[in-house]
Amino acid sequence: MRRTLVLVSLAVTSMVALAFLIPLALTVREIARDRALTTAERQASALGPVLVVTEDPAALERAVASTQAGAAGRMTVHMPDGGVVPRNPRSDTGASSGQLAEAGRRGRSHTARVGGGYALLQPVSLDAGRTAVVEVYLPDEDLSRGVWKAWLVMTTVAAALVAGSVAVADRLGNRMIRSTRRLAEAAAAFGDGEMSVRIEPDGPPELVEAGLAFNAMADHVVQLLSAEREMAADLSHRLRTPLAALRLNVEALGDGPVVEQTREAVDRLEREVDQIIRTVRRPTGRGSCDASKVLRDRVAFWSVLAEDEGRSCELIGAERPAPLPLPGTELAAAVDALLGNIFRHTSEGTGFVVTLHQGQGVTGILVADGGPGIADPDAALKRGSSSGGSTGLGLDIARRAAESTGGYLRIHRSVLGGAQVQMWFRTKWLPPARRSRRLVRRRHSRT
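Residues numbered from 1 in each chain as written. Predicted model: local features only at pLDDT ≥ 70, side-chain atom pairs only at ≥ 80, totals over all residues. Heavy atoms only, no water.

- Going by the annotation in an unreviewed UniProt entry, the name recorded for the protein is Signal transduction histidine-protein kinase/phosphatase MprB, with Actinomadura spongiicola given as the source organism.
- The record held by UniProt for the protein lists under Subcellular location (unreviewed entry) the comment "Cell membrane".
- Quoted straight from UniProt, the Catalytic activity (unreviewed entry) entry for the protein says "ATP + protein L-histidine = ADP + protein N-phospho-L-histidine." (UniProt positions renumbered as here; feature names shortened; annotations may be inferred.)

Here it is, written out as structure tokens:
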């Protein structure tokens with residue numbers, strides 16, 4: 001925006017300067033030409049009374065020498081009898097006989113083009129119908145004397161005006177961009193979990209209003225998150241009582257495979273409740289984890305059930321660390337949701353593959369199965385939109401986990417013949433402008 005303002009100011013000011021500079025330059029040139037011709041005509045007219053009084057060559061030479069043009073050797077008097085005064089005129093720049101005859105016939109002064117300049121021809125009427133012609137030679141440099149200097153001054157002034165306007169536009173643009181960038185950085189920090197971020201609105205009135213709206217939004221979001229944490233904490237504490245009763249009932253059942261599975265389920269449920277309580281008590285913010293370790297743990301957990309149901313289970317690409325800007329509990333919940341969908345909605349014996357892919361600034365987790373697939377991926381990405389509960393909440397958990405890092409979730413057909421759910425996580429921070437443009441494009445592609 002700053003560069004655009006500078007370019008617009010440069011273009012507009014340059015056009016205005018040229019609109020005034022070109023006509024003014026032409027006017028200055030015409031003024032210099034008219035001034036030189038007027039001076040030459042005045043000097044030529046000064047010899048008219050002398051020619052009327054006398055035709056003596058010596059007297060005429062003295063009269064010619066008394067003028068500025070005559071002193072410079074640029075004035076010649078052509079007498080009716082063919083004589084010239086002074087006797088040694090400039091032969092290389094003098095007017096031709098035809099031009100002299102034309103001046104006599106016209107009876108008034110006019111200019112004629114000669115070598116290196118112009119000749120002002122001034123006819124003077126003598127007695128007996130005779131006519132003498134006074135010639136004043138004007139070189140080209142006299143006709144443009146002072147023009148280049150005037151043009152240089154005007155160009156310098158125009159350049160100074162253009163530079164001044166560009167500097168003013170740059171300062172205004174810098175002020176606007178500084179305020180906009182501060183607002184964008186605050187929004188990016190708030191999106192990354194810094195809930196205490198607020199800005200001091202400044203700049204144009206529109207940006208001040210945007211800053212005030214951002215502060216109000218941030219306060220409202222903090223209030224909503226606080227209320228949500230309070231509700232989650234209260235609900236988690238309420239679950240402890242039925243969990244305690246459930247554990248006592250399990251202990252009273254004795255021993256056996258079913259009892260042991262029930263006891264493990266109760267232990268896991270209690271751990272999840274404890275994790276919820278710790279999460280809602282922890283200040284809001286993003287964490288990080290090793291995706292390879294989380295995947296190894298979750299695949300190992302589900303592999304026991306997969307072995308019981310005769311499913312093939314494979315983990316690919318989790319040999320080296322894969323850091324993600326996401327808490328391990330959230331990634332584990334997303335992976336469990338996707339693997340749980342496979343066990344719930346595909347027949348026994350259907351295998352699955354979990355692949356970890358690490359790229360430049362992005363990490364992908366691909367969960368593929370050999371089931372019937374998902375007929376309508378777009379509808380499946382909408383929470384609760386699918387029939388029979390085959391998708392919805394599980395995919396929504398995975399989608400929110402991916403989008404919390406600036407990534408996205410996609411559904412494709414796997415090489416196994418079933419569905420392939422792809423979670424792509426961004427591992428590098430994007431500038432606010434690039435992040436917002438990509439987010440807009442991503443949202444547009446979903447509509």
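### A look at a nonpolar patch on the surface
- Residues Val8, Val12, Met15, Val16 and Phe20 make up a contiguous nonpolar surface patch of roughly 510 Å² in combined accessible area.
- According to the relative accessible area criterion, Val12 is partly exposed, its value standing at 43%. (Patch = residues over 30% accessible without salt bridge, like charges linked within 9 Å, V, L, I, M, F, W, Y side chains within 5 Å. Areas by Shrake-Rupley, 256 points an atom, 1.4 Å probe, with all protein chains shown as cover. Salt bridge = Lys/Arg side-chain N within 4 Å of Asp/Glu carboxyl O. Buried < 20%, exposed > 50% of the residue type's maximum accessible area, 1.4 Å probe, protein only.)

### Points about the packing of helix α10 (residues 291-308) against helix α11 (residues 328-345)
- One can describe the packing of α10 onto α11 by two numbers: an axis separation of 10 Å at closest approach and a directional angle of 30°. The angle between the axes of α10 and α11 places the two elements in the roughly parallel class. Here the hand of the crossing between α10 and α11 comes out right-handed. Contacts between α10 and α11 involve Ala291, Val294, Leu295, Arg298, Trp302, Leu305 and Ala306 from the former and Gly328, Leu331, Ala332, Val335, Asp336, Leu339, Gly340 and Phe343 from the latter. (Axes fitted to C-alpha atoms, helices over the stretch in contact; angles between N-to-C directions. Helix = DSSP H or I, 4+ residues; strand = E, 2+ residues; numbered from the N terminus. Parallel < 35°, antiparallel > 145°, perpendicular 65-115°, else oblique. Left-handed = near helix turned anticlockwise from the far one by under 90°. Contact = heavy atoms within 4.5 Å.)

### Topic: the sheet that holds strand β7 (residues 313-316)
- If you walk across this open sheet you meet the five strands as β7-β9-β10-β12-β11, and the pairing is mixed. Where the open sheet ends on each side, the last strands, each with one partner, are β7 and β11 (408-413). When the angles between neighbouring strand axes are averaged without regard to direction, this sheet yields 15°.
- In terms of strand pairing, strand β9 (residues 352-358) meets strand β10 (residues 362-369) through seven bridges, oriented antiparallel. Each residue of the ladder has a partner; that of Val354, found in β10, is Val367. (Pairing = 2+ DSSP bridges.)

### Details of the sheet that holds strand β5 (residues 131-139)
- Read from one edge of the open sheet, five strands run β2-β1-β5-β4-β3, paired in antiparallel fashion. Both edges of this open sheet fall to β2 (84-85) and β3 (110-114), since each of them pairs with a single strand only.
- On top of the sheet, helix α1 (residues 2-45) reaches β1 (75-78), β3, β4 (117-125) and β5; it is set at about 35° to β4, its chief contact.

### Quick look at the packing of α1 against helix α7 (residues 147-191)
- Put simply, α1 and α7 touch, their axes get as near as 9 Å, and they point 165° apart. By the angle between their directions, the pair α1 and α7 is classed as roughly antiparallel. Here α1 runs over α7; the crossing is right-handed.
- Among the residues making up the contact of α1 with α7, the classes are represented as 19 nonpolar, seven polar and three charged. (Nonpolar A, V, L, I, M, F, W, Y, C, P; charged D, E, K, R; others polar.)

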